[in-house]
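This is what each chain is made of:
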Amino acid sequence: MANNPENILSISDIEKIIEGEDIVDIYNHNLAGIRKNCVYAMLLCIPLLIIAIFFSKINYVNYIMWLLATPVIILFGKQFFIKAWVQIRHFTTNVDTLVALSTGTAYVVSVFNTFYPSFWTDKGLQAHVYFEVSAVIVAFVLLGRYLEYKAKRNITVAIKQLIGLQPDTAAVVKEGQLVKTAIKDIRIGDKIFVKPGERIAVDGKITQGSSFINESMISGEAMPVEKSEGKKVYAGTINEANSFYFEAYKVGKNTLIGQIVKMVQEGESSRLPVSKAVDRVSSIFIPIVGIVAILTFLTWLLLSPEDGFTQGLSSMIAVLIMACPCALGLATPTAIMAGIDNGAANGILIKGDEALENARKLTAVVLDKTGTITEGIFRVTDMKWLTGATPELKGILYGIESYSEHPLADAVKNYIRDDMRIKPEMTVSSLSGRGLMGETATNKYYVGTSKLLGEYNIKILDKEKEWIERETEKSNTIVLFANESSLLAIIAITDAVKETSMNAIERMRLARLKLYMLTGDSKRSADMTARKVGIDTDNVMAGALPAGKAAFVRDLKIQGETVAMTGDGINDVGALAIADVSVAMGKGSEIAMEVAQVTVTSSDLNKLIQTINLSKITTRTIHQNLFWAFIFNAIGIPVAAGILFPVNGFLLDPLFAGIVMALSSVSVICNSLLLRRKPI
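These numbers come from a predicted model, not from an experiment.

**Here's the deal with the sheet that holds strand β5 (residues 211-214)**
Part 1: If you trace the three strands from one edge of the open sheet to the other, you get β6-β5-β8, paired in antiparallel fashion. In the strand order of this sheet, the two ends are held by β6 (225-227) and β8 (238-239), each with one partner.
Part 2: Strand direction decides the pairing type here: β5 and β8, joined by two bridges, are antiparallel. Looking across to β8, one finds that I213 is bridged to N239.

**Describing the UniProt feature "transmembrane region" (unreviewed entry) in the protein**
Part 1: Per the UniProt record, the feature "transmembrane region" (unreviewed entry) sits at residues 38-58, 64-86, 98-116, 128-147, 281-303, 309-331, 626-649 and 655-675.
Part 2: Annotation note: span residues 38-58, helix share 81%, strand share 0%, distance between end C-alpha atoms 28 Å.
Part 3: Between the C-alpha atoms that bound residues 64-86 there is a distance of 32 Å. The span itself is 96% helix and 0% strand.

**Brief notes about the state of the cysteines**
Part 1: All told, the structure shown has zero disulfides when counted by the stated rule.
Part 2: Of all cysteine sulfurs, the one in C45 lies closest to C38, which takes part in no disulfide; the gap is 9.7 Å.
Part 3: You can call C38 buried: its relative accessible area is 4%.

**Side note on the side chain of S211**
Part 1: Note on placement: S211 falls in strand β5.
Part 2: Among the polar contacts made by the side chain of S211, one reaches the side chain of N239 at a distance of 2.4 Å.
Part 3: The contact partners of S211, leaving out residues within four places of it in the chain, are V225, E226, K227, N239, E240, A241, N242 and F244.

**Focus: the sheet that holds strand β19 (residues 540-541)**
Part 1: An order of β10-β22-β21-β20-β11-β18-β19 is seen for the seven strands of this open sheet, with the pairing classed as mixed. In the strand order of this sheet, the two ends are held by β10 (348-350) and β19, each with one partner.
Part 2: In the sheet, strand β11 (residues 364-368) pairs with strand β18 (residues 514-518) via five bridges, with the strands oriented parallel. Considered in β18, the bridge of V366 is made with Y516.
Part 3: Against the sheet, helix α25 (residues 606-641) makes contact with β10, β11, β20 (563-567), β21 (581-585) and β22 (598-600), and its axis sits at roughly 50° relative to β10, the strand it touches most.

**Looking at the pairing of strand β4 (residues 203-208)**
Part 1: The pairing of β4 with strand β9 (residues 244-250) spans five bridges and is antiparallel. Considered in β9, the bridge of Q208 is made with Y245.
Part 2: Where β4 and strand β7 (residues 232-233) come together, two bridges link them in antiparallel fashion. Bridge pairing links K205 to K232 in β7.

Definitions and limits used
Residues numbered from 1 in each chain as written. Predicted model: local features only at pLDDT ≥ 70, side-chain atom pairs only at ≥ 80, totals over all residues. Heavy atoms only, no water. Pairing = 2+ DSSP bridges. Helix = DSSP H or I, 4+ residues; strand = E, 2+ residues; numbered from the N terminus. UniProt positions renumbered as here; feature names shortened; annotations may be inferred. Disulfide = S-S within 2.5 Å. Buried < 20%, exposed > 50% of the residue type's maximum accessible area, 1.4 Å probe, protein only. Polar contact = N/O pair within 3.5 Å; in protein donor to acceptor, adjacent residues only side chain to side chain. Contact = heavy atoms within 4.5 Å. Axes fitted to C-alpha atoms, helices over the stretch in contact; angles between N-to-C directions.

Next comes the structure, spelled out in structure tokens:
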């Protein structure tokens, strides 16, 4: 059972972690404290329950139970009484108030009956104790709080992984020398040197040199981006080609990574747990219980002057015991756990109750393109040889592409690997971001774009241009292979749409969900993919950076939409954190999976439809549980108050009130367990 969980990290904590401090230690310290309280409370409840059930007649049993229950109530459960007092001071109530009221009443009455049993026995009544009832309620509520706080670990891990994308040090130019400098000591205006293969330390602008930068963490696109003097580079991205110098213009929390971290934290803190519904109900239920308990006591006092005080006190206690929130407290978490189990069995990993609460209310779905709608893997769709595709030429092409780690090169290598038999000796060099050149003993060969071939006066005939244009219109990327005099082969490469994506998007459209697509790719490529899968091109945002994606989701929420965001990359985590329901593809970034509420292990968008269905049946089960919990209260509280006494002389003993309360909890648990087997 959750209640307004505190943020895992404050804004000042975020600033510290960006500057190098390990905030995970703070989280672990807090979690250890909650776990200690929960474990100790559970350990004391076990012998308490055993004694209450099997050894209730032994000597000094009430004193033994008092010794076991007191630490649970006074030490481990004190937070409920403190929070309840704060709520009362502000004239509000929530589940903490109900826990404090019921457990406090049961404990105080039990202590009184332990030390002054004659108050009841002298009047011919039994002096019952309810130590096990009060302690068990506290222990179970503590368990719910612990499980919720533990689930928040994903956010802390995600933030730490984001910060880990930055190198610890960078080579800063100081007095003409390169000096290894810690990230936290880099200042705006510092000149920094970056070698090929290194991650960029802070945000800046290139002042000398050029290169290709892998910005997939920002754009989600695997294609490296060409950067020259004056172009911006971002912390955490990877230099894939040449060395260059850049000037720092954003450091610390102001870098792009720092902004993503801030978006993750702000998005996480804005989520509302399903248990707030229980708080709202409790705010009405608690005053009613209090009024009924007081009226019960006063009515007995007025109508039965001789023993009205004793009977009234007994009935008032029975009312408060009957109102104990066991069933109410179990209604939500048992259904949530059963729903999570059902989802796991269907390849849908759900971390908490937010997704199961909000998925049924979705009105809009925002889809990342690369890796979500598409496979996120470049594949050769066609290779047109303009001359004989000899083993020697295939070997030369394979040898040149082997020099590169570019995703397009990987696609070519994978395509011709099985046919490649000869790999001639040659030297391969990079042509400053334009492509590659391979040189054998007799010839030079080029792999790259039409721009590269134009520089070496290698002509492309009209019919080849027509073929290239057709493939480009299909949203394919073109790679050309040529020797010094002529074009040898044209290769069309694409990031194919997943087979399951088109079906899933059609199902979402039939469910009247508004569909949007975000991508760091070009507008032309994005629109082609959108038309292919059936998304209106007016609902496509191309060239999207992380902040843009997050702002897009936030704007939809401001317009009143309940938004699901699906993605797989680091560039998606800001939007994932802000969305009402966040879904990560299981084959994507670990950081995205840490931030998202739902992870689809198969990366199948159809699972989002199943998540919506699961949300509906889970919410229905929660409502059923709350209904049964309140039905027991609605019937039991008047009976406990003595409403049947004028009719047949029946009075509910507080002990039986506790038994009825336990039965209501059993009914809630059994109803929740049925959810685990329901088809979605």
